[in-house]
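What the coordinates show
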There are 2 protein chains.
Amino acid sequence: MTNRFARRVADLKASEIREILKLTQNPEVISFAGGLPAPETFPVAAVADAAARVLASHGAVALQYATTEGHRPLREWLARFMTQRRGAWVSPDEILITNGSQQGLDLVGKALLDEGDAVLCESPTYVGALNALQVFQPRFVPVPTDDDGMLPEGLDRLLGETERAKMVYAIPDFQNPSGRCWSRERRERVVAVAARHGVPVVEDAPYSELRFAGEPLPSLKSFDQRGTVIHLGTFSKILSPGLRLAWIVAPGWFAKPLNILKSSADLHTSTFTQMVAAEHLAGADLDTHLARIRELYRQRRDVMVQALEREMPAEVRFTRPEGGLFLWVELPARLDARELLPCALARNVAFVPGGSFWARGGGDHTLRLNYSNMPPERIEEGVRRLGEVVREALANADSPGAASARAARRVAAAAARSGRAVPPV
Amino acid sequence: MTNRFARRVADLKASEIREILKLTQNPEVISFAGGLPAPETFPVAAVADAAARVLASHGAVALQYATTEGHRPLREWLARFMTQRRGAWVSPDEILITNGSQQGLDLVGKALLDEGDAVLCESPTYVGALNALQVFQPRFVPVPTDDDGMLPEGLDRLLGETERAKMVYAIPDFQNPSGRCWSRERRERVVAVAARHGVPVVEDAPYSELRFAGEPLPSLKSFDQRGTVIHLGTFSKILSPGLRLAWIVAPGWFAKPLNILKSSADLHTSTFTQMVAAEHLAGADLDTHLARIRELYRQRRDVMVQALEREMPAEVRFTRPEGGLFLWVELPARLDARELLPCALARNVAFVPGGSFWARGGGDHTLRLNYSNMPPERIEEGVRRLGEVVREALANADSPGAASARAARRVAAAAARSGRAVPPV
C-alpha cells in the first residue's frame, strides 16, 4: 500500500516519544517528559465567564464562519502585546491567528520550503519544529551556537556557503530543549546577518514571558527593519494550550501567501475560542497572571535543580535556566539516555532522551526534563529515582566488559530506533 | 522576493471570490455567495450550557494539551453517528478529529499527493477542495458525470489510462456547487471500481443530513469493504462552523501517517471545543435539531426556486436540489457570469460565478446561489434584482455588434483573471 502515499510520507517515522507520553497518562508515572503547563495556572473561571458572555451577546457570530486572518479584537490586543512585551511595533494587519504555533510552523514550512532546501537551526532544537518542517523535506543545517545564542559569524559563513538556504529557525528565549536564552547583542546581530543575506528568520517565541530572573530581552522581531523576521507567538504557555490559539507576525512580503495557505489549510481558526480569548484578555490582569505562573515555575525549577544537585553523580551536568519549562541534562558521554529510559519507566519516571532534538544525530547522552507540570514533592521523588537509575547505569558502564556490551547494545538500538519523533509538545 | 517562496506558492493566486465575500460583509448586500449556514439554527444556549458544564467539571483538562486523534467521547459519539446515519460500521479508533473538513482535505492531500499526481474529480467540484489540494500541485482529471453521479465506466477507463492516479475526490450528497445527489447504485459501483484499481476515494460529506425530500442514501463509506474510502464529515452544517470541528474516518493503512501529519500540522484540535461539542451532543435531540434545519432550508430553497421561476428568462436553467445549501444556475451560453457580477454587486446582490468550480476551465455561463443564509424576503428581493441583471445582459448580448464586443471583453477578462479562487466556504 505504501505507493499510495506521497514521497514525503516515507520520511515520517513512528515516534518513540509518543510511546513515552502514552505511558505517562498513567497517573502513577512522574512525568518530566512532556512540555505541559501547570493546569493550576489556567484561568478556568475567567474563561467560563468569558465564554458565557460571548455566547450571550454574540452567539450567532461566535458559532459562524469568520475571516481567515482572525478575530479583529484579538489581533488588536496582540499588536499592543507585541509592542509592550516584545518591543516590536506591529499593526493588527500583520497578525494572523493560527491553531497553536505548531500550525505556524506548518504554514511557514509550506510557504518557504521545497524538497532539499536548507533550514539553518540551533542544535539541539525543538523536535516539534523538526517534525513540522520535515514534511516539506528540507535539509537541516546546524548553526554554531554558544550559551549566548547563534554565533553571527558562523551564521554569516553558513548563509554564504549553503545552497538554497531558505530559513533560519531560532528559539531565542529559554530554548526548547536547552533552556538557553540569547543575549541582546546576538539577537541584533543575527537579524542583521540574516537580513543582509535576504534569508527569513522564523522566531519561535513560546516562552518569552516565562522569565524568573534577569531582565526581559527584546524579541528578534524588535530588531527587524527589513521584513526579515517571521515571529511566532502562542497563548499555550500564558493562557491555555487547549484553546489552540497562537499567532504569526508576518512581514509584508509574506502576508498574502500566508493568508492563502491558512485558508487552504483550514479556512480559519475557531471563531468561538478566538472570541473567548479576546473577551477574557480584555478584562484580565495579565501582569498578575504572568507573575503567578513565573513564581510557580521558578519554585519548581528550584526544586528540580536542588534535587539534581543532591541526587545526581558529580559527573552529570545540567542547566539552571532563567525561564521556560525545561532543564537540559548531560550525562557522562559513556551513557545513552535512550538506554536509561526503560529503567526509568520501570520506576514510573519519564523523560525525553535528547537525541531526538538533534536534526542530524548526536546528543545520545543528553536528556530533557520538564519541571512545569509536576508538584514539588513529585519532582523531588522523580529526581531521586532518576538518580538511582543513573548511578546504576554508571556502575554497569564501568564494570569489566561493559564497553563491548555497550557497543553491541548501541548497534542494536540504532537498528531498532524508529527515527525522529513526533511528540505532542 | 518571490524566490524566497517554495514553488507551490507560485500557483496560489489571489482570489476573486474573497473579494466578493469582503463586499458581502456590508449588511445591505443580499449575499447568495458564501456557503454559510443560517445562524438561527445554531444551538447557542445549549452550547453555552455545555461550555459552562465542561469548564466547571473538567476545566483543567479542557484547557490542557490533548491527544492528536481527538477527544475519545466525541469519537465514540461519531462512531455511532456513522453507523446510524451513514450506514458505515466504524470504530472510534478509525476516527481523527480535524479543524473543519478543510483541514481534512489538507491532510489528505499532504499524505497522498506528489507534484504531478492525478486527482480524479467531478466537474464542477468544490473550489475549496481544489484550493486545498492545489497546494500539493496535482493534475485534476474530470470524471464523466451525469445527474446520478460519476459514471463507473468512465471512472474505470480513466483509472486505467491515467498515470499516477492517486485519489478520487467526490461529494456524493448534494454536491457543492451543483446540488447533485448520487444514486445508490452509482455509489456502490464507484467504490467497487476504485477498489479494483487500488485508488483511494476521498468522500467529502458535509451536507448528508440536509435532505428535504426523498430517502437518505448510504455513504460511499458504507460500501467500502477494502479500505478504499477516506470519509470526511463535519459539524459545520449540523451544529456550528465556528467551532471548526470535523472528522476523518481513516482506513487502517491510512491511520498512522494521518495521525503523524495531523500532529505535525497542529498537534491536535482544540480540547475545549471538542469537549463542548461532546457534552452538548450527549444531551442533544439531534433528530429534532436536524428536522428544524431541514425545514428552514427547504422553505428557503422553495422561495428561491419560485423566485427564479418568476424572475428569470425562460432560457435560464437551474437545479431544484433535494438537499444541501446551493442552487446551480446555467445562463444562456452567450452570457458570462463573471461579467454579470459587477452589475449584480451594483444592485447589492452577490453570487459566485461558476467558473471557479471547474478545475480545468469552462462553465463561464454558470453560477452558484446559496439559499441557506438569507431570510425569504431577501431571497425574493435578491432574485428579483438578479433577474433584472440577467435580462439586461441578454438585451445587451443580443444587440447588434454585441458578439464582437463580447469576444473582446472575454479576452480581456481572461488576461486579467487572477486564477483559481480561495473562498471561505
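Report on the accompanying structure. Bear in mind that the values here come from a model prediction, so they are computed numbers and not experimental data. (Residues numbered from 1 in each chain as written. Chains lettered and ligands numbered in written order. Predicted model: local features only at pLDDT ≥ 70, side-chain atom pairs only at ≥ 80, totals over all residues. Heavy atoms only, no water.)

Along its length, chain A carries 14 helices and 15 strands. In summary, chain A has a C-alpha radius of gyration of 22 Å against a globular reference of 22 Å for 425 residues, a match within 12%. Along the longest, intermediate and shortest principal axes, the C-alpha atoms of chain A span 70 × 50 × 50 Å. For chain A, long-range pairs separated by at least 24 residues make up 77% of all intrachain contacts whose partners lie at least 6 apart in sequence. A total accessible area of about 14800 Å² is found for chain A, and carbon and sulfur atoms account for 51% of it. (Helix = DSSP H or I, 4+ residues; strand = E, 2+ residues; numbered from the N terminus. Rg over C-alpha atoms; globule rule 2.2 N^0.38 Å. Contact = heavy atoms within 4.5 Å. Areas by Shrake-Rupley, 256 points an atom, 1.4 Å probe, with all protein chains shown as cover.)

Going through the model one piece at a time under the given rule, you end up with 23 aromatic pairs over all chains. Each ring, one from Trp328 of chain A and one from Trp358 of chain A, has its centre 5.7 Å from the other, and the planes form 40°; the classification is tilted. With a gap of 30 residues between them, Trp328 of chain A in strand S12 (residues 326–330) and Trp358 of chain A in the loop between strand S14 (352–353) and strand S15 (366–370) connect regions that are remote in the sequence. Accessibility expressed as a relative area gives 17% for Trp358 of chain A, which makes it buried. Among the aromatic side chains, those forming a connected cluster through ring pairs are Trp77, Phe81, Phe235 and Trp247 of chain A. Lying across the ring of Trp253 of chain B, Arg4 of chain A places its NZ or CZ 4.3 Å from the centre. (Phe/Tyr/Trp six-rings, centres within 6.5 Å; stacked < 30°, edge-to-face > 60°. Buried < 20%, exposed > 50% of the residue type's maximum accessible area, 1.4 Å probe, protein only. Lys NZ or Arg CZ within 6 Å of the ring centre and 35° of its normal.)

The topology assignment puts Asp106 of chain A in helix H5 (residues 100–112). By relative accessible area, which is 2% here, Asp106 of chain A ends up buried. With sequence-adjacent residues up to four places away left out, Asp106 of chain A is seen in contact with Ala132 and Phe136 of chain A together with Lys110, Ser264 and Ala265 of chain B.

On to unusual backbone geometry, then. Pro124 of chain A follows Ser123 of chain A through a cis peptide bond whose omega is 5°. One non-glycine residue, Arg164 of chain B, lies in the positive phi region at around 55°. By the secondary structure assignment, Arg164 of chain B is in the loop between helix H7 (152–161) and strand S7 (165–170). On the accessibility criterion, Arg164 of chain B (43% relative accessible area) is partly exposed. Its identity is not glycine, yet Arg244 of chain B carries a phi of approximately 55°, on the positive side.

Strands belonging to one sheet form pairs held by backbone hydrogen bonds; the direction of such a pair is parallel or antiparallel. Residues and elements named next belong to chain B. One open sheet accounts for seven strands, arranged S2-S10-S9-S8-S7-S3-S4; its pairing is mixed. With partners counted over all chains shown, the strands left at the sheet margins are strand S2 (95–98) and strand S4 (139–142), one partner each. The mean inter-strand angle of the sheet, taken between neighbouring strand axes irrespective of direction, is 25°. In this sheet, strand S10 (residues 246–249) lies alongside strand S9 (residues 229–234) in antiparallel orientation, the contact comprising four bridges. Along S10, the bridge assignment pairs Leu232 with Ile248. Lying over the sheet, helix H9 (residues 252–266) contacts S2, S9 and S10, oriented at roughly 25° with respect to S2. (Pairing = 2+ DSSP bridges. Axes fitted to C-alpha atoms, helices over the stretch in contact; angles between N-to-C directions.)

Turning next to the packing of H7 of chain B against helix H8 (residues 184–197) of chain B. Residue and element names in this part refer to chain B. At their nearest, the axes of H7 and H8 sit 9 Å apart, and the two run at 15° to each other. It follows that H7 is roughly parallel to H8 by the angle criterion. At the point where H7 passes H8, the crossing takes the right-handed sense. Across from Pro152, Glu153, Leu155, Asp156, Leu159 and Gly160 in H7, the residues of H8 making contact are Arg186, Arg189, Val190, Val193, Ala194, Arg196 and His197. Of the residues belonging to the contact of H7 with H8, the class tally is six nonpolar, two polar and five charged. (Parallel < 35°, antiparallel > 145°, perpendicular 65-115°, else oblique. Left-handed = near helix turned anticlockwise from the far one by under 90°. Nonpolar A, V, L, I, M, F, W, Y, C, P; charged D, E, K, R; others polar.)

What follows concerns the relation of the copies chain A and chain B. The two copies are related by a screw motion: chain A maps onto chain B through a turn of 180° and a shift of 0.0 Å along the axis, at an RMSD of 0.0 Å. Read as a symmetry element, the transformation amounts to a two-fold axis. Of the interface residues in chain A, 100% have counterparts in chain B that sit at the interface too, so the contact is made through matching surfaces. (Least-squares fit on C-alpha atoms with pLDDT ≥ 70 in both.)

Turning next to the environment of Ala277 of chain B. Residues and elements named next belong to chain B. Tracing the chain through its elements places Ala277 in helix H10 (residues 271–283). In sequence terms Ala277 and Ala46 are 231 residues apart; their C-alpha atoms lie 10.0 Å from each other. Apart from residues no more than four positions distant in its own chain, Ala277 is found in contact with Leu74, Leu239 and Leu245.

All names here are of chain A. Mapping Arg211 onto the fold places it in the loop between strand S8 (201–204) and strand S9 (229–234). Its relative accessible area of 11% is what places Arg211 among the buried residues. In this structure the side chain of Arg211 is engaged in a polar contact, spanning 2.9 Å, whose partner is the backbone oxygen of Ala213. Sequence-distant contacts of Arg211, defined by excluding residues within four places in its chain, comprise Phe174, Cys181, Pro216, Leu217, Arg294, Glu322 and Gly323. (Polar contact = N/O pair within 3.5 Å; in protein donor to acceptor, adjacent residues only side chain to side chain.)

Moving on: the interface of chain A and chain B. Taken together, the contact pairs 80 residues of chain A with 80 residues of chain B. For the chain A and chain B pair, buried surface summed over both sides reaches about 6600 Å², with 62% attributable to carbon and sulfur atoms. When the area that chain A buries against chain B is broken down by residue, the three leading residues are Arg4, Leu63 and Tyr65 of chain A, summing to 13%. Connecting chain A to chain B are 34 residue pairs in polar contact (both at pLDDT 80 or more). In terms of residue count, the dominant contributor to the side of chain A that touches chain B is helix H9 (residues 252–266) of chain A (eleven residues). Residues of the side of chain A that touches chain B, tallied by class, amount to 40 nonpolar, 26 polar and 14 charged. (Buried area = accessible area lost by both parts, 1.4 Å probe.)

So, on to helix H6 (residues 127–134) of chain A. For H6 of chain A, the tally of buried residues reaches eight of eight residues, placing the bulk of the element in the interior. Elements that come into contact with the buried residues of H6 of chain A comprise H5, strand S3 (118–121), strand S4 (139–142) and strand S7 (165–170) of chain A together with H9 of chain B.

Quick look at the sheet that holds strand S2 (residues 95–98) of chain A now. All names here are of chain A. Overall, mixed pairing links the seven strands, which are arranged S2-S10-S9-S8-S7-S3-S4 in an open sheet. Unpaired on one side and paired on the other, S2 and S4 mark the two borders of the sheet. Taken over all neighbouring pairs, the strand axes of this sheet differ in orientation by 25° on average, direction set aside. Against the sheet, helix H4 (residues 72–86) contacts S2, S9 and strand S10 (246–249), and its axis sits at roughly 110° relative to S2.

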